[in-house]
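Listed below are the residues making up each chain.
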Amino acid sequence: NYDDAPTEGIRRILNEYDPNGKKHPRGEAVDTSLIGSIRMGTTVATNALLEREGERMGLVITKGFKDLLQINNQTRSDIFDLTCKAPKVLY
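Residues numbered from 1 in each chain as written. Predicted model: local features only at pLDDT ≥ 70, side-chain atom pairs only at ≥ 80, totals over all residues. Heavy atoms only, no water.

A.B. asks: I'd like to hear about the overall build of the protein chain, residue by residue, with values.
C.D. replies: When its secondary structure is counted, the protein chain shows 3 helices and 0 strands. Burial analysis of the protein chain (91 residues in total) assigns 11% to the buried set. Considering only residue pairs separated by 6 or more positions, the protein chain has 24% of its internal contacts joining residues 24 or more positions apart. (Helix = DSSP H or I, 4+ residues; strand = E, 2+ residues; numbered from the N terminus. Buried < 20%, exposed > 50% of the residue type's maximum accessible area, 1.4 Å probe, protein only. Contact = heavy atoms within 4.5 Å.)

Written out as structure tokens, the structure is:
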């Protein structure tokens, strides 16, 4: 389908949210003039967001993980305590 998953993800985001409505087809170089920086991460970056630590950032979640911010990381002092209070959702 595509050779480079990070580039494909950026291309898709730009196709959806480019402020000028410009399309970014596969196979063409991505115009990065409107991108200040790109940070990609997995668990470490997601945990920083959930723990409200680190720099200001955006989070893009695929459709299958849309409940990630509500699920959080399930950290609690008593793993079997079903009455624990979860922190407020970030959005």
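Don't stop here, the text continues.
A.B. asks: Describe the pattern of salt bridges, and please don't skip the residues or the numbers.
C.D. replies: Counted under the stated rule, the structure contains 3 salt bridges. The residue Glu8 makes a salt bridge to Arg12 at a minimum N-O spacing of 2.8 Å. Taken together, the positions of Glu8 and Arg12, both in helix α1 (residues 5-17) and 4 residues apart, correspond to about one turn of that helix. One salt bridge connects Glu8 with Arg26, and the closest N-O pair in it is separated by 2.9 Å. Here Glu8 is found in helix α1, whereas its partner Arg26 is found in the loop between α1 and α2 (43-50), with 18 residues between them in sequence. Connected through salt bridges with shared partners, the residues Glu8, Arg11, Arg12 and Arg26 form a single ionic network. (Salt bridge = Lys/Arg side-chain N within 4 Å of Asp/Glu carboxyl O.)

A.B. asks: Kindly report on the side chain of Glu8, identifying the contributing residues and their values.
C.D. replies: For Glu8, a relative accessible area of 5% gives the class buried. Polar contacts involving the side chain of Glu8 include one to the side chain of Arg12, which spans 2.8 Å. Residue contacts for Glu8: discarding those within four places in its chain leaves Tyr2 and Arg26. (Polar contact = N/O pair within 3.5 Å; in protein donor to acceptor, adjacent residues only side chain to side chain.)

A.B. asks: Kindly report on α1, identifying the contributing residues and their values.
C.D. replies: One turn of an α-helix holds 3.6 residues; hence residues three or four places apart share an orientation. Taking 1.5 Å of rise per residue, the 13 residues of α1 would be expected to cover 18 Å, and the 18 Å separating its terminal C-alpha atoms lies within 8% of that figure. Looking only at α1, the buried set comprises Glu8, Arg11, Leu14 and Asn15. Buried positions in α1, seen along its axis, are confined to an arc of 125° and lie on one side of it. Exposed residues pointing more than 90 degrees away from the buried face of α1 are listed as Glu16 and Tyr17. (Expected span 1.5 Å × (residues − 1). Arc of directions from axis to C-beta.)

A.B. asks: Please set out the side chain of Asp18 residue by residue, giving values where relevant.
C.D. replies: Looking at the secondary structure, you find Asp18 in the loop between α1 and α2. Within the structure, Asp18 has its side chain in polar contact with the side chain of His24 (distance 2.9 Å). In contact with Asp18, not counting residues within four places along its chain, are Ile13 and His24.

A.B. asks: Could you give me a rundown of the confidence of the model for the protein chain, with the residues and numbers involved?
C.D. replies: On average, residues of the protein chain carry a pLDDT of 76, and 78% of them reach 70 or more. Taking the mean pLDDT of every element in the protein chain, the minimum, 68, falls on helix α3 (residues 68-71) and the maximum, 85, on α1. (pLDDT = per-residue confidence, 0-100.)

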